[in-house]
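Residue-level listing of the chains:
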Amino acid sequence: MNDIKKTIQQTQYNPVKHSDVERIKVESQYLRGTIAEGLNNGITGAVADDDQMLIKFHGIYQQDDRDLRNERRKQKLEPLYSFMIRARVPGGVATAEQYKVLADLATEYSSGSLRLTTRQAFQWHGVFKRNLKKTIAGINSTLLDTIAACGDVNRNVMANPLPETSRIHSEVFEWSKKLSEHLLPKTNAFHEIWLDGKKVETTEEPIYGQTYLPRKFKTAIAIPPYNDVDVYANDMGFIAIEDNGQLKGFNVLVGGGMGSTHNDQETYPRIANVIGFCTPEQLLEVAESIVKVQRDYGNREVRKLARLKYTVDKLGVDGFKDILRTYLGYELEDAEDFEFVHNGDRYGWFEDEKGLFHLTLYIHSGRIIDSEHSKLFSGLYEIAKIHNGEFRITPNQNLIISNIAKQDKEKIAKLIEQYNISFGQEESPVRLNSLACVSFPTCSLAMAEAERYLPSLITKIEQQLEQYGLSQQAINVRMTGCPNGCARPFLGEIGLVGKAPGKYNLYLGSSYKGDRLNKLFKENINEQQILSELDLLLHDYANHKQASEYFGDFVVRKGYIQSVVNGLDFHR
Ligand code: SRM
Ligand code: SF4
């Protein structure tokens, strides 16, 4: 216990040792900073430097259009600043009524599209400073919010979105909401700044304290046999355990994460460790205790080493469990058996036990926009007008029109056809299993294209697969514009991670169910080189794969790449 007290002391802000972000948090008066004043400053489209960090806790990122950066520089104009807003949508569930308002906000204040994220959230890009307050107030009017959608706190809690797949689904979904609520920051800053709420002085943050967490913190709940939430990629994970149709409890996982830096061996993606089991009644206190261990033991000096995964490796898994026990006052029970089959989505129509229908749509990179090919934005809006159920975002950037009554099925099917919306009926398995992050033009950290480029690369990979008689083979292809890992590329059987414009690192060897990392196979290669490397591998795969053997397992079995289950082996 003394040890813990000592460590808590160490989390007190130390101006000499701690990173500057810690100073910003301490000086912010519980996340207020000068955000409110900055919104009224019409001279610049940006907010103050320190506030750029703080607005993340409110679900907002300052960005600029990178396609226009050089041109504006030449014209001696400041970058075209705008903001990305992310809503917190626990379990990814919004009613059709809510969706309609969110789409209206996109039309009125953002770039006219909605973006579904890899963590089951909605994003609006291109919101100008003058429209921030109106957009956030609009989101709040639907009873959704943007609190803690980003920042050094627990983020949107993910959960398997498909009610048809499990009898315990609704219970697990309720737990994802409770977890999300329980771990929210309690400061009143959000209401004061965005909703003109009454000023109430914040004197403490019961879970987080004044400096919040050392870094972002992510939580997901998986329901076997589906690992669509990629539970191993989360700081804290729970795997629901069912017993005779009842929710028995959850296996507890800690220490997952994807982010890394090119050529920096200190940073690495990591698969979370299963450290035990808890009952539903214990879930909130277990989660809170894990968060507190990270709060007190996480690295506040070097942000790139501040995620829970590094804390777990620093303490050792057993060391982490020992410390957790002292926070909890008891030991977790032994983990239960479970089996995953896949970390992707299941497309098309499903009917559940109650006779309700669910339709999973394929949405490339989660971008809800009208294009020449499909009037997706308009079509979903028309569906929202007549649908009485929900819109559920999947962890793979897709959308489920959920709980459709039998009498509405035909009407919705007609709209799907009329607006040419895909539910995977025409796409190849490799396309349906592909994932790309946002990257250019909005992401300030992008090094290479992802969302805008992946579709054309997939077309070329499809041609190769067809040539080798593998068109029906599902292979996970995941691309990101940098190694931060937003489309979880280190869990792709084929992972492509941007290095420079047109250049990618090629990673191979993840499992199809997301419980093994991939590893660097070729560095800094262009499209032609990517395709010729894949050509050799796919040729061999077609000739020598064992029955039902996935591509990721094949490249490991054939020795093209080493199997990596421990993040520390990622660079070895
Ligand atoms: Fe991410 C930063 C987009 C999921 C790891 N991520 C960013 C920023 C905000 C760039 C920035 O800091 O300026 C990107 C904004 C792009 C834009 O214009 O929208 C961004 N991340 C996204 C989204 C929208 C990607 C997508 O295509 O869907 C996802 C939003 C999820 C959400 O709703 O909250 C998104 N990001 C992820 C994931 C996947 C996941 O969580 O399952 C990861 C890997 C898992 C993890 O966290 O380890 C991820 N994003 C990062 C990192 C690296 C963190 C690290 O530990 O090093 C950064 C950079 C950072 O935090 O400094 C980052
Ligand atoms: Fe941006 Fe990199 Fe994340 Fe892609 S992986 S959205 S490029 S931070």
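This text follows the structure it describes.
## What to know about helix α4 (residues 49-57)
Reasoning step 1: The set of residues buried in α4 consists of D51, M53, L54, I55 and F57.
Reasoning step 2: Buried positions along α4 lie against α2 (20-27), α3 (35-39), β1 (60-64) and β2 (81-86).
Reasoning step 3: Just downstream of α4 lies G59, where phi reads positive at about 85°.

## Observations concerning the coordination of the iron atom of ligand 1
Reasoning step 1: For the iron atom of ligand 1, the sole protein-derived donor is C486 (SG), lying 2.3 Å away.
Reasoning step 2: Mapped onto the elements of the fold, C486 is located in the loop between β17 (477-480) and β18 (494-500).

## Remarks on the sheet that holds strand β16 (residues 434-436)
Reasoning step 1: Spatially, five strands are ordered β16-β17-β18-β19-β20 in an open sheet, and the strand pairing comes out mixed. Looking at which strands have only one partner, the edges of the open sheet turn out to be β16 and β20 (519-525). Between one strand and the next, the sheet's axes are offset by a mean angle of 15°, whatever the strand orientation.
Reasoning step 2: Note that strand β19 (residues 503-508) and β20 share four bridges and pair antiparallel. Following the sheet pairing, L506 is matched in β20 by K522.
Reasoning step 3: Seen against the sheet, helix α17 (residues 527-544) touches β18, β19 and β20 and runs at an angle of roughly 145° to β20.

## A short note on the nonpolar core
Reasoning step 1: Counting 99 residues, the largest nonpolar core has F122, W124, F238, I290 and L380 as the members making the most contacts within it.
Reasoning step 2: Grouped together as the second largest cluster of nonpolar side chains are 36 residues, I458, I461, F521 and Y541 included.

## Side note on the sheet that holds strand β7 (residues 219-222)
Reasoning step 1: Taken in spatial order, the five strands line up as β6-β7-β8-β9-β10 in an open sheet, and their pairing is mixed. Looking at the sheet topology across the chains shown, the edges are occupied by β6 (158-159) and β10 (273-278).
Reasoning step 2: The pairing of strand β9 (residues 246-254) with β10 spans five bridges and is antiparallel. Bridging across to β10, F250 finds its partner in C278.

## Focus on the site of ligand 2
Reasoning step 1: In the vicinity of ligand 2, the contacting residues are C437, S439, C443, L445, A446, T480, G481, C482, N484, G485 and C486.
Reasoning step 2: Its residues placed into classes, the shell around ligand 2 shows six nonpolar, five polar and no charged.

## What about the pairing of strand β14 (residues 390-393)?
Taken residue by residue, a regular strand's side chains alternate between the two faces of the sheet.
Reasoning step 1: Of the two faces of β14, the one carrying E390 and R392 and the one carrying F391 and I393 are both buried.
Reasoning step 2: Of the pairings in the sheet, the one linking strand β3 (residues 93-95) to β14 comprises three bridges and is antiparallel in character. Residue pairing across strands places T95 opposite E390, the latter belonging to β14.
Reasoning step 3: Both β14 and strand β15 (residues 399-404) contribute to a ladder of four bridges, which runs antiparallel. By the bridge assignment, E390 is partnered in β15 with S402.

## What to know about the packing of helix α16 (residues 454-467) against α17
Each pair of packed helices gets described by two things: the angle between the helix axes and the distance between those axes.
Reasoning step 1: Running from N to C, α16 and α17 point in directions that differ by 25°, and their axes come no closer than 10 Å. Classified by the angle their axes make, α16 and α17 are roughly parallel. Viewed along their axes, α16 and α17 form a crossing whose handedness is right-handed. Touching L457, K460, I461, Q464, L465 and Q467 of α16 are E527, L531, L534, D535 and L538, all from α17.
Reasoning step 2: Taken together, the residues of the contact of α16 with α17 break down into six nonpolar, two polar and three charged.

## Observations regarding the packing of aromatic side chains
Reasoning step 1: Taken as a whole, this structure holds 19 aromatic pairs when the rule is applied.
Reasoning step 2: Between Y268 and Y310 the ring centres are 5.2 Å apart and the planes differ by 80°, which places this aromatic pair in the edge-to-face class. With Y268 in the loop between β9 and β10 and Y310 in helix α11 (residues 308-315), this pair connects stretches of sequence that are 42 residues apart.
Reasoning step 3: Y268 sits in the buried class, given a relative accessible area of 7%.
Reasoning step 4: Its relative accessible area of 9% is what places Y310 among the buried residues.
Reasoning step 5: Taken together, Y99, F122, W124 and F391 form an aromatic cluster joined through their ring pairs.
Reasoning step 6: The positively charged end of R346 is found above the aromatic ring belonging to Y226, 3.4 Å away from the centroid.
Reasoning step 7: The residue whose ring lies beneath K522 is F521, and the NZ or CZ to ring-centre distance is 5.1 Å.

## With respect to the pattern of salt bridges
Reasoning step 1: With the rule as written, the count across this model stands at 43 salt bridges.
Reasoning step 2: Among the ionic pairs, D230 bridges to R488, the shortest N-O distance being 2.7 Å. Within this pair, whereas D230 is found in the loop between β7 and β8 (236-243), its partner R488 is found in the loop between β17 and β18, the two being separated by 258 residues in sequence. Each member of the pair, D230 together with R488, is buried.
Reasoning step 3: K304 serves as the salt-bridge partner of E266, at 3.6 Å between the closest nitrogen and oxygen. A residue pair is termed long-range when its members are at least 10 positions apart, and E266 in the loop between β9 and β10 and K304 in the loop between α10 (283-297) and α11 qualify at 38 residues.
Reasoning step 4: Exposure remark for K304: the relative accessible area of 36% places this residue in the partly exposed category.

## Here we look at the pairing of β1
Reasoning step 1: When you tally the buried positions in β1, you get five out of five residues, the bulk of the element.
Reasoning step 2: Burial of the side chains of β1 extends over both faces: I60, Q62 and D64 are buried on one face and Y61 and Q63 on the other.
Reasoning step 3: Here β1 runs beside β2; their pairing, made up of five bridges, is antiparallel. Looking at β2, one finds that Q63 is bridged to S82.

## Some details on the site of ligand 1
Reasoning step 1: The full set close to ligand 1 counts 30 residues, and T117, M258, T442, C486 and R488 are the nearest of them.
Reasoning step 2: Measuring from an oxygen atom of ligand 1, one finds a side-chain N or O atom of R215 at 3.0 Å.
Reasoning step 3: Separating an oxygen atom of ligand 1 from a backbone N or O atom of M258 is a distance of 2.7 Å.
Reasoning step 4: Of all elements in the fold, only β1, β2 and β5 (122-127) reach the threshold of two or more residues within the shell around ligand 1.

Calculation criteria
Residues numbered from 1 in each chain as written. Chains lettered and ligands numbered in written order. Predicted model: local features only at pLDDT ≥ 70, side-chain atom pairs only at ≥ 80, totals over all residues. Heavy atoms only, no water. Buried < 20%, exposed > 50% of the residue type's maximum accessible area, 1.4 Å probe, protein only. Helix = DSSP H or I, 4+ residues; strand = E, 2+ residues; numbered from the N terminus. Contact = heavy atoms within 4.5 Å. Donors = N, O, S within 2.8 Å, 3.2 Å for Na, K, Ca; no water. Pairing = 2+ DSSP bridges. Axes fitted to C-alpha atoms, helices over the stretch in contact; angles between N-to-C directions. Core = buried A, V, L, I, M, F, W, Y, C linked by side-chain atoms within 4.5 Å. Near = heavy atom within 4 Å. Nonpolar A, V, L, I, M, F, W, Y, C, P; charged D, E, K, R; others polar. Parallel < 35°, antiparallel > 145°, perpendicular 65-115°, else oblique. Left-handed = near helix turned anticlockwise from the far one by under 90°. Phe/Tyr/Trp six-rings, centres within 6.5 Å; stacked < 30°, edge-to-face > 60°. Lys NZ or Arg CZ within 6 Å of the ring centre and 35° of its normal. Salt bridge = Lys/Arg side-chain N within 4 Å of Asp/Glu carboxyl O. Polar contact = N/O pair within 3.5 Å; in protein donor to acceptor, adjacent residues only side chain to side chain.

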